[in-house]
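# An overview of the molecular structure
Listed here are the chains, written in short residue letters.
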Amino acid sequence: MSSAPSSGRYDRTTHAFAVDGATLTYDVHGDLSSGTPLVLVASPMDAVGFASLQSRITDRPVVTYDPRNAGRSRRDEPTAAVTPEQHADDLYAVIVALGAGPVDVFASSGGAVNALACVERHPDAMRTLVAHEPPAGGALPDSAGISAVCADIVATYDASGMGWAMAKFIGIAMHRGQVDDGYLAQPAPDPAQFGMPTDDTGDRTDPLMSNLRGLGCDYAADVDRLRQASTRIVLAVGEESGGPDDGELACRAARAIAAALGQDPVVFPGGHNGFLGGEYGQMGKPDEFAATLREVLSSAE
């Protein structure tokens, strides 16, 4: 299923198709025959969050899509866990649906975890993968502590709803340095301090929580498989996200995977949200971010 294209330089067509347990929706910006497509991947963020970055990539077709638990992509079981492996196979299904040969992929946050898992499972689908700050806790020495915190967030979500769980998630996402044994002993943060409600609506379909339930933050890269793939893999970190010892979780994980692959991560402008240009009320450095991404991709050509 596809929609009619929009008018203008950045023609967009929207497509939807069924996969096991879900229906995926993706957008093609431009003409797929005009160059190697760049697929933009995130999770739980949907395609809306890539509007600023997509508009700044004008030298090739760009593909954005909503992962199976977000935006326009629907699951058959909306409260079920979604694993990195499921997301990986979904990404591969989108790439196959494009019919445009090996593609380039920019993946951020949970999308970077899923894209790395996709390379492990489908090693020839991508030409270059830029994996920006994957929160892959399994790659870190404090993986057990991170896993316990994520399990606690899901338990809080099940017991008390989104506000209380999200307050805890923001805390771990912003935490710098290793997660020690005392982390969970801290008082639970108040959702109100983050502008979130304290009441429980009863809804349990949040995409972020589905990813945590699917152990997305427990992902540990299979370095041997990544090395054997034909895909050129580039790990990326934000300049504002900290260093290998005092950085945020996603930044530390990116550095750890890069080191395991024998490389230094590429430093991108901004922080974890560096590509945003006002989406969700957040402003990164989208012009500088897009320029760095173009440089990284062109260096492979």
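This one's a predicted model, so the numbers in the text were calculated from it and none came from an experiment. (Residues numbered from 1 in each chain as written. Predicted model: local features only at pLDDT ≥ 70, side-chain atom pairs only at ≥ 80, totals over all residues. Heavy atoms only, no water.)

## Description of the packing of aromatic side chains
- Using the criterion set out here, one finds eight aromatic pairs in the structure.
- Residues Phe 268 and Phe 289 carry aromatic rings whose centres are separated by 4.7 Å and whose planes lie at 50° to one another, so their mutual orientation is tilted. Of the two residues, Phe 268 sits in strand β9 (residues 266-268) while Phe 289 sits in helix α9 (residues 286-298), which places them 21 residues apart along the sequence.
- Taking the relative accessible area as the measure of exposure, Phe 289 reaches 0% and is therefore buried.
- Between Phe 275 and Phe 289 the ring centres are 5.7 Å apart and the planes differ by 70°, which places this aromatic pair in the edge-to-face class. (Phe/Tyr/Trp six-rings, centres within 6.5 Å; stacked < 30°, edge-to-face > 60°. Helix = DSSP H or I, 4+ residues; strand = E, 2+ residues; numbered from the N terminus. Buried < 20%, exposed > 50% of the residue type's maximum accessible area, 1.4 Å probe, protein only.)

## A short note on the pairing of strand β4 (residues 62-66)
- The buried fraction of β4 amounts to five of the five residues, a majority that puts the element mostly inside the structure.
- Neither face of β4 is left uncovered, since the one carrying Val 62, Thr 64 and Asp 66 and the one carrying Val 63 and Tyr 65 both have all their residues buried.
- For strand β2 (residues 22-29) and β4, the ladder comprises five bridges, and the chain directions are antiparallel. From the neighbouring strand, His 29 faces β4, where its bridge partner is Val 62.
- In this structure, strand β3 (residues 38-41) lies alongside β4, joined through three bridges in parallel fashion. Bridging from a neighbouring strand, Leu 38 pairs with Val 62 of β4. (Pairing = 2+ DSSP bridges.)

## Some thoughts on the pairing of β3
- Burial along β3 is two-sided: Leu 38 and Leu 40 and Val 39 and Val 41, pointing in opposite directions, are all buried.
- Sheet analysis places β3 next to strand β6 (residues 103-108), joined by four bridges and oriented parallel. The residue bridging Leu 40 from the neighbouring strand is Phe 106, located in β6.

## Considering the packing of helix α4 (residues 143-160) against helix α5 (residues 162-174)
- At their nearest, the axes of α4 and α5 sit 7 Å apart, and the two run at 165° to each other. The orientation of α4 with respect to α5, classified from their angle, is roughly antiparallel. By crossing handedness, the relation of α4 to α5 is classed as right-handed. Of the residues in α5, those in contact with Val 149, Asp 152, Ile 153, Thr 156, Tyr 157 and Ser 160 of α4 are Met 162, Trp 164, Ala 165, Lys 168, Phe 169 and Ile 172.
- Here the residues of the contact of α4 with α5 sort into eight nonpolar, two polar and two charged. (Axes fitted to C-alpha atoms, helices over the stretch in contact; angles between N-to-C directions. Parallel < 35°, antiparallel > 145°, perpendicular 65-115°, else oblique. Left-handed = near helix turned anticlockwise from the far one by under 90°. Contact = heavy atoms within 4.5 Å. Nonpolar A, V, L, I, M, F, W, Y, C, P; charged D, E, K, R; others polar.)

## Overview of the state of the cysteines
- Using the criterion set out here, one finds zero disulfides in the structure.
- Free cysteine: Cys 150, not disulfide-bonded; nearest cysteine sulfur from Cys 217 at 4.1 Å.
- With a relative accessible area of 6%, Cys 150 lands in the buried category. (Disulfide = S-S within 2.5 Å.)

## Regarding the nonpolar core
- Of all hydrophobic cores here, the largest spans 65 residues; its most connected members are Leu 91, Met 126, Leu 129 and Leu 212.
- Counting residues per element, this core draws most heavily on helix α3 (residues 110-121), at seven residues.
- Val 62, Val 234, Phe 289 and Leu 293 belong to the second largest nonpolar core, which has 20 residues in total. (Core = buried A, V, L, I, M, F, W, Y, C linked by side-chain atoms within 4.5 Å.)

## Overview of α4
- The end-to-end C-alpha distance of α4 is 25 Å, a good match for the 26 Å that 18 residues give at a rise of 1.5 Å each.
- For α4, every residue scored as buried is listed here: Ile 146, Val 149, Cys 150, Ile 153, Val 154, Thr 156 and Tyr 157. Buried residues along α4 cover an arc of 155° about the axis, so they all sit on one side. Every exposed residue of α4 that faces more than 90 degrees away from the buried side is listed here: Ala 144 and Ala 159.
- Packing partners of the buried residues in α4 comprise α5, α6 (207-213) and α8 (249-260). (Expected span 1.5 Å × (residues − 1). Arc of directions from axis to C-beta.)

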